Amino acid sequence: MAYPITELVNEDATLVSRRCWTDPGVYALEKRGIFGRAWLFLGHESQLRQPGDFVQAYMCETPIILSRGQDRRLYACIDSCSHRGLPVCRADHGNTKRFICPYHNWSYSVEGELVAIPQENAVRNKPDKSRLGLKRVPRLETWRGLVFGSFDPDIMPLEEYLGDMRFYLDAFLGRFPDGIEFIGAPHRWLLDANWKLPVENQLGDVNHGAFLHSAIIPREAQDRIEELGHSVVTAPGHGATFRLMPPDAAVDEVAWGMEGMGGMLGGAPVQEYLREVQARAAERVGPLRARMKGLTYGVYPNLSFLWSNASFKVSHPRGPGRVEYWSWAVVPADAPDEIKRVLRTNYSSFFGPGGILEQEDSEVWVQQFRGCNIDFADDRPCFYGLGLGEEKPHPELPGLVSVTANEFYARHFFARWRDDLLAVEGRP
Amino acid sequence: MSDFALSTSPGQQRQLEAFYYREARLLDNRQYRQWLALLSEDILYRLPSRVNVQVDNRQRGDEDMISVERELEGADSMGCPIREETYIHLVLRVERAFKINSWSENPPARTRRLVGNVELMTHGGDEYSVLSNFHLYYARPGGASFLYSGQRRDVLLAAGEGYKIRRREVILDYGDIALPTLGLLF
Ligand code: FES
Ligand SMILES: [Fe+2]
C-alpha cells in the first residue's frame, strides 16, 4: 500500500482520502484490523427456533452457518469442508440433521461436528474425526435476540462492545411486548460500491433526505425531521439518529409504524395495534424513550438498523469495489400474522433492492465509488468537517449529541477505522 | 391451475398479445402515465423474493422437490416479498419518473422488452388469468447493461375493447440480485 494510514484519515478525521474506499491494500488491512477483531452481526434468534434450524451468514467474505443445535444452543461455523474446502451448505436457510459436502460426502452435524467419512472404511489409519469438524467461530454471543460472532477469541463481551447503543436499540426492541422478529430471508443484492458507503449513509446521514430523495420526500416533512432530529455517537463507529417528539405529541405522531406505507394503508386493525404498542411504550422503555421516533442506527463496523422502515441491514464486503448488501424486514413478534404481513411493507417497496427510496441511495453509493476511484486528486481528500466540535454531552441521552447536520458520526467512524488499521499495520 | 392453457380463438389470442405489446411499447417509450391507465385501481402488484431453499430429502423424485413455488416468498407467505404494491405505490413510481431529481434514472434508463409466451390459463366472468414471459434489456451510462428475465402472472379484467390489469405477480429469474434496481415497471 502506497499510502501511510495517517495520511488516509487526518488527526480529527475532517479529511478522508478517496483511497479509503478504493485501495486493495487498505481492504486487506480492513479484513485483519476490523473484520478479524470486531463483533459482527450474524442473525436473529427468531430465525432459529427449532433444533436443526440454520441460516447462512457472512463475516466479511467468509461464509458462516449459524444454527440451533440439538442441545438448543446456537452454533456458528465456517462453511468450508475440512477435506478440500468446499462450502457444505447451499440453502439460505432451513432445518437439517446433516450438512453433506458435495465432493466426497463427508457429513457434518448441524453443530458442525464431522460425523462420517464415507471413504474411511477403505483405509487402515482412521482420521480423528473429533479434530475435523467445521471451524467454529471462536466467540458467539447474543443480546436481545441479536446474534453476533467474532474471530477474536479475546474480544470484550458483546454487551460491553455495544455499550450505550443498547440504550438506543432497546428503545425499539424493548417497545414491543415480545420484542421483534425477522420476517423472511434477507434481500441480498450486489452493488459496485465499497462496503463503508452504505454503512456511513445509515450511521447518521439524515440530511441528504431533502436533496437526494426530494422526488419522494417533501421538503416540509424533511424540515420536521431535522427540527426534531438528534444525532448521537455512543462510541466511535456506533451512532443513532432519531426524533425526540414533544411530550404532548399525539399518539399517532409518535407511534412506530404509523409513518410507513403499511401503517398508513393498513387499515384500522393495524393502526389500533400500533397505537396500543405506543400507549404502553413508556411502561416498557420509560417516558424519554417512549418519545423517541428513530431514523438510522449503526453498530460498528457494518450493521445498520433503519427504525423508520423497520429494517436491519448488513454491508458485506466483496472486495474494495463490490458489496453484498443484506436487508431484513423486522416486525413485532407478538403481532398476529395478518398484521405482520402488513407491517413488513413499511420496509419493502420503499427500501431494499426494489425500493422507491433506496434506489436513489444505492445509485449514490455506486456513483461515490466511481467518483473516488480516480487519480490526480490525492491532494484533495473528501471533506468531513461539517459541525466540527459542536457535539456535546446531554443531560438525559447517553453519548455525544448534536444536530443531524453535524458530521461527527462519520468523523468518529473514520477515526476508529484509522486506529483499527494502524493497530495491525506492519504486523503479520 | 391446469398445465394446459385454454384453447383460445385466434382473435382472442391476438387481442391479448396486442395488449401486452402496447404495454411494452408504452413502458419502453417512457409513457408511464399512459401505462397507469392500463391498471385497474384495485391492482395488487407483487414481486416475490426468491430464495435458495433446502432440498427436502423426503421429496426426492417428486416434482415438488424442485418446484419454483418453493423458492418464492410471496404475498401470502410469512416471508418478505421484494415489492407488494397498490395503485398508490405505482402512481408514486410513475410520478417520480417525471421529476428532475429521480437520480437513479437520470439520465433515464434505456429499456427494450420482448414479451412472449402469452397463455390464457383460466377465464371466469370478466377476469382472465394470463401468463407471459419477458426479457428486458436495461442500459445506463457507465458501461454496464443488464438483462432482466421473468414471468408475469396477471389477472386481467375485460374493459371495453381491451383489458385492465388487476393483479400482477412478477417472478424474476435472478440467482443473486446483481441488478441496479428491481424498482422498474415490469
Ligand atoms: S471436499 Fe468435502 S468431502 Fe471432500
Ligand atoms: Fe437515503
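Everything below is about the structure shown above.
Residues numbered from 1 in each chain as written. Chains lettered and ligands numbered in written order. Predicted model: local features only at pLDDT ≥ 70, side-chain atom pairs only at ≥ 80, totals over all residues. Heavy atoms only, no water.

Chemist: So what exactly am I meant to see when it comes to unusual backbone geometry here?
Modeler: In terms of backbone geometry, most residues other than glycine have negative phi values and most peptide bonds are trans. Of the consecutive residues A:Tyr300 and A:Pro301, the connecting peptide bond is found in the cis state with omega at 0°. By secondary structure assignment, the location of A:Pro301 is in the loop between strand E15 (292-299) and strand E16 (303-306). At the junction of B:Asn106 and B:Pro107, the peptide bond is cis and its omega measures out at 0° in the coordinates. In this structure, B:Arg30 is a non-glycine residue whose phi angle is positive, near 60°. By the secondary structure assignment, B:Arg30 is in the loop between helix H1 (10-28) and helix H2 (32-36). (Helix = DSSP H or I, 4+ residues; strand = E, 2+ residues; numbered from the N terminus.)

Chemist: Where do I start with the coordination of the iron ion (ligand 2) in this structure?
Modeler: Metal coordination angles in their ideal form are 109.5 degrees for the four-donor tetrahedron and 90 or 180 degrees for the six-donor octahedron. All names here are of chain A. Around the iron ion (ligand 2), the protein contributes the donor atoms His208 (NE2), His213 (NE2), Asp361 (OD) and Asp361 (OD), which lie 1.9 to 2.6 Å from the metal centre. Taken together, the 4 donor atoms coordinating the iron ion (ligand 2) and their angles of 55 to 150° define a geometry best described as irregular. Taken in chain order, the donor set of the iron ion (ligand 2) reads H-x4-H-x147-D. Note that histidine 213 is positioned in the loop between helix H7 (209-212) and helix H8 (219-228) and aspartate 361 in helix H14 (residues 358-372), a separation of 148 residues in sequence. (Donors = N, O, S within 2.8 Å, 3.2 Å for Na, K, Ca; no water. Tetrahedral: all angles 85-135°; square planar, octahedral: opposite > 155°, others 65-115°.)

Chemist: Whenever I open this one, the sheet that holds strand E2 (residues 40-44) of chain A confuses me. Can you help?
Modeler: Residues and elements named next belong to chain A. Across the sheet, 3 strands lie side by side as E2-E11-E10; this open sheet has antiparallel pairing. Of all the strands in the sheet, the pair left with one neighbour each is E2 and strand E10 (139-143). Taken pair by pair, the neighbouring strands of this sheet meet at an average axis angle of 30°, ignoring direction. (Pairing = 2+ DSSP bridges. Axes fitted to C-alpha atoms, helices over the stretch in contact; angles between N-to-C directions.)

Chemist: Is there a simple way to think about the sheet that holds strand E6 (residues 127-139) of chain B in this case?
Modeler: By way of backbone hydrogen bonds, the strands of a sheet pair with one another, either parallel or antiparallel. Residues and elements named next belong to chain B. The strand order across the open sheet built from 6 strands is E4-E1-E8-E7-E6-E5, with neighbouring strands paired in mixed fashion. Strands at the two margins of the open sheet, each flanked by one partner only, are strand E4 (83-85) and strand E5 (110-124). On average, adjacent strands in this sheet sit at an angle of 20° to one another, irrespective of strand direction. Here E5 pairs with E6 via 12 bridges, running antiparallel. Each residue of the ladder has a partner; that of glycine 124, found in E6, is glutamate 127. Packed on one face of the sheet, helix H3 (residues 87-97) meets strand E1 (39-47) and E4 and runs near 85° to E1. (Contact = heavy atoms within 4.5 Å.)

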